[in-house]
Amino acid sequence: VQLRESGGGLVQAGGSLRLSCVASERTFSNYALGWYRQARGEERQFVSGISWNPTDTRYADSVKGRFTISRDNAKNTVYLQMNSLEPEDTAVYYCAADYGGSLEIVATRDDLLYWGQGTQVTVSS
């Protein structure tokens with residue numbers, strides 16, 4: 001499967017962006033999906049995940065209440081709506097997938113996931 005992110009860019013603090021990730025597989029609806037980010041000089045960290053069941057989601061504490069993950073299986077797309085952005089949100093954001101549909105794996109086992117190429121998000125103060 002190929003994952004392709006889009007929607008990154010430069011935004012002022014307090015602004016919003018919506019990231020999209022399109023998958024190439026027709027079995028997309030079975031996947032659990034997630035977003036990670038990696039700031040310069042730091043390790044990659046989990047941001048948010050969504051299971052094959054779109055009501056089952058998870059967020060890192062740092063983004064709860066500001067970011068929302070969702071999926072549109074008809075479009076093979078997962079979204080990350082990011083509001084109230086802060087300079088600390090600046091990072092490369094990566095889309096990730098677990099073919100087995102496990103949100104737990106998406107959130108905790110980045111070594112088992114499939115990855116997109118990333119999209120840069122820069123938040124200016």
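Our structure's up above, just so we're on the same page.
It should be emphasised that the depicted structure is a prediction, and the values quoted were computed from it without experimental measurement. (Residues numbered from 1 in each chain as written. Predicted model: local features only at pLDDT ≥ 70, side-chain atom pairs only at ≥ 80, totals over all residues. Heavy atoms only, no water.)

### Some details on the environment of Y79
With respect to the element layout, Y79 can be found in strand 8 (residues 77-82). Distance in space between the C-alpha atoms of Y79 and S51 is 13 Å, their sequence separation being 28 residues. Leave out the neighbours within four places in its chain, and Y79 touches R18, L19, S20, W35, T68, I69, S70 and D72. (Helix = DSSP H or I, 4+ residues; strand = E, 2+ residues; numbered from the N terminus. Contact = heavy atoms within 4.5 Å.)

### Some points on the environment of A60
Positionally, A60 belongs in the loop between strand 6 (57-59) and strand 7 (67-72). Residue class for A60 comes out buried when judged on its relative accessible area of 14%. Sequence-wise, A60 and S70 are 10 residues apart; in three dimensions their C-alpha atoms are separated by 15 Å. The contacts of A60, once residues within four sequence positions are left out, are F46 and V47. (Buried < 20%, exposed > 50% of the residue type's maximum accessible area, 1.4 Å probe, protein only.)

### Overview of the state of the cysteines
A full pass over the atoms with the stated rule returns 1 disulfide. Sulfur-sulfur distance for the disulfide between C21 and C95 comes to 2.2 Å. Between C21 and C95 the disulfide shows an S-S torsion of about -80 degrees. By sign, it is left-handed. Taken as a pair, C21 in strand 3 (residues 17-23) and C95 in strand 9 (residues 91-98) lie far apart in primary sequence, 74 residues in all. Like C21, the residue C95 is buried in the burial classification. (Disulfide = S-S within 2.5 Å.)

### Describing the nonpolar core
Judged by nonpolar contacts, the single largest core of 28 residues is most densely connected at W35, F67, V78, L80, M82 and Y93. Of all the elements in the fold, those that place two or more residues in this core are strand 3, strand 4 (32-38), strand 5 (45-50), strand 7, strand 8, strand 9 and strand 11 (119-124). With residues near it in sequence (within four places) discarded, M82 still touches G15, S16, L17, L19, R66, F67, Y93 and V121. (Core = buried A, V, L, I, M, F, W, Y, C linked by side-chain atoms within 4.5 Å.)

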